[in-house]
Amino acid sequence: MPKLILISHHLCPYVQRAAISLAEKGVPFERIYIDLANKPDWFRALSPLGKVPLLKVEHEDGRSSVIFESAVILEYLEETQLNPLHPADPLERARHRGWVEFGSAILNRIARFYSAADPAAQSAEAQELASMFARIEDELDVGPWFNGQRLSLVDAVFGPIFRYFDVIDRIGDFGILAGKPKLAAWRRSLGQRPSIKDAVTPDYPERLQAFFERKGSALTAIIRRAA
């Protein structure tokens with residue numbers, strides 16, 4: 001079997017979804033962390049887009065291949081490893097792929113939220129996020145996972161999303177997840193899953209808060225006022 005190396009950043013949610021998939025499939029892998037603010041030359045040579053995650057596949061004959069883009073990495077793992085996380089039914093699988101993309105859109109909106117320059121812009125982004133999560137609340141049925149009793153790639157995507165709010169909720173009450181009981185139950189289940197908990201290092205909350213403090217945003221101002 002090839003050796004798999006996941007090239008990572010401590011805070012990247014797209015890296016986390018790959019790590020969760022690998023853990024759920026029971027696939028051994030090595031993890032290398034890099035500083036995206038000071039990218040090493042070897043990483044620049046490997047990554048066409050200069051982004052993480054990268055999955056380096058080292059073959060037994062000495063050849064190596066590099067896969068970039070998290071969605072592509074997830075699909076590669078689905079095609080090459082046991083314990084599939086996508087549903088078997090093609091239509092249901094397509095539905096799940098759509099919600100994976102929706103999760104990526106939420107991540108983009110979260111970045112807009114924590115980067116908002118003033119309280120008015122921050123409030124507008126919080127309202128947009130609340131609306132997006134309301135759409136998911138309507139989609140959820142019986143738990144504990146998105147697909148009921150079977151964990152899927154949608155869960156691997158939303159575990160890192162909810163991890164943001166473990167830190168954001170300590171900073172302030174922005175009402176983003178309020179009034180969504182099915183979402184709250186799903187969040188609790190995801191937070192207890194070993195593969196999701198272990199997708200980050202123990203100092204993740206401190207690293208994320210420090211990242212927020214460096215943004216110079218409305219969220220930064222709230223943190224500094226509370227300090």
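Right, let's walk through the structure included here. (Residues numbered from 1 in each chain as written. Predicted model: local features only at pLDDT ≥ 70, side-chain atom pairs only at ≥ 80, totals over all residues. Heavy atoms only, no water.)

**Overview of the packing of aromatic side chains**
(1) Moving on: Summed over all chains, the structure comprises 14 aromatic pairs.
(2) Moving on: Both rings, one in Trp 42 and one in Phe 43, keep their centres 6.3 Å apart while their planes meet at 90 degrees; by these two values the pair is edge-to-face.
(3) Moving on: Residue classification places Trp 42 among the partly exposed residues on the basis of a relative accessible area of 40%.
(4) Moving on: Judged by centre distance (5.0 Å) and plane angle (40 degrees), the rings of Phe 158 and Trp 186 are tilted. Placement of the pair is Phe 158 in helix H6 (residues 153-171) and Trp 186 in helix H7 (residues 181-192), with a sequence separation of 28 residues.
(5) Moving on: For Phe 158, a relative accessible area of 1% puts it in the buried group.
(6) Moving on: Residue Trp 186 is classed as buried on the basis of its relative accessible area, which comes to 3%.
(7) Moving on: Here a set of aromatic residues connected by ring pairs shows up, and it is made of Trp 99, Phe 102, Phe 133, Phe 146, Phe 158, Phe 162, Phe 165 and Trp 186.
(8) Moving on: For Arg 163, the ring lying beneath its charged end belongs to Tyr 204, and the centroid distance is 5.6 Å. (Phe/Tyr/Trp six-rings, centres within 6.5 Å; stacked < 30°, edge-to-face > 60°. Buried < 20%, exposed > 50% of the residue type's maximum accessible area, 1.4 Å probe, protein only. Helix = DSSP H or I, 4+ residues; strand = E, 2+ residues; numbered from the N terminus. Lys NZ or Arg CZ within 6 Å of the ring centre and 35° of its normal.)

**A short note on the pattern of salt bridges**
(1) Moving on: A complete count under the given rule lists 15 salt bridges for this structure.
(2) Moving on: Between Glu 92 and Arg 95 there is a salt bridge; the shortest N-O distance is 2.5 Å. In this pair, Glu 92 and Arg 95 are both assigned in helix H4 (residues 90-115), three residues apart and thus about one turn of the helix distant.
(3) Moving on: Connected through shared salt-bridge partners, Glu 92, Arg 95, Arg 135 and Glu 139 make up one network. (Salt bridge = Lys/Arg side-chain N within 4 Å of Asp/Glu carboxyl O.)

**Details of the packing of helix H5 (residues 119-139) against H7**
(1) Moving on: At their nearest, the axes of H5 and H7 sit 8 Å apart, and the two run at 85 degrees to each other. When the interaxial angle is binned, H5 and H7 end up roughly perpendicular. Across from Phe 133, Ile 136, Glu 137 and Asp 138 in H5, the residues of H7 making contact are Pro 181, Lys 182, Leu 183 and Trp 186.
(2) Moving on: Broken down by class, the residue content of the contact of H5 with H7 amounts to five nonpolar, no polar and three charged. (Axes fitted to C-alpha atoms, helices over the stretch in contact; angles between N-to-C directions. Parallel < 35°, antiparallel > 145°, perpendicular 65-115°, else oblique. Contact = heavy atoms within 4.5 Å. Nonpolar A, V, L, I, M, F, W, Y, C, P; charged D, E, K, R; others polar.)

**Some points on the sheet that holds strand E1 (residues 3-8)**
(1) Moving on: As summarised here, the arrangement of the four strands in space is E2-E1-E3-E4, forming an open sheet in which the pairing is mixed. Both outer strands of the open sheet, strand E2 (30-33) and strand E4 (64-68), are each paired with one neighbouring strand and no more. Each neighbouring strand pair of the sheet contributes to a mean axis angle of 20 degrees, computed without reference to strand direction.
(2) Moving on: Here strand E3 (residues 54-58) runs beside E4; their pairing, made up of five bridges, is antiparallel. When the bridges of E4 are listed, Val 57 appears paired with Ser 65.
(3) Moving on: In this fold helix H1 (residues 13-24) packs onto E1 and E2, with an angle of close to 155 degrees to the strand it touches most, E1. (Pairing = 2+ DSSP bridges.)

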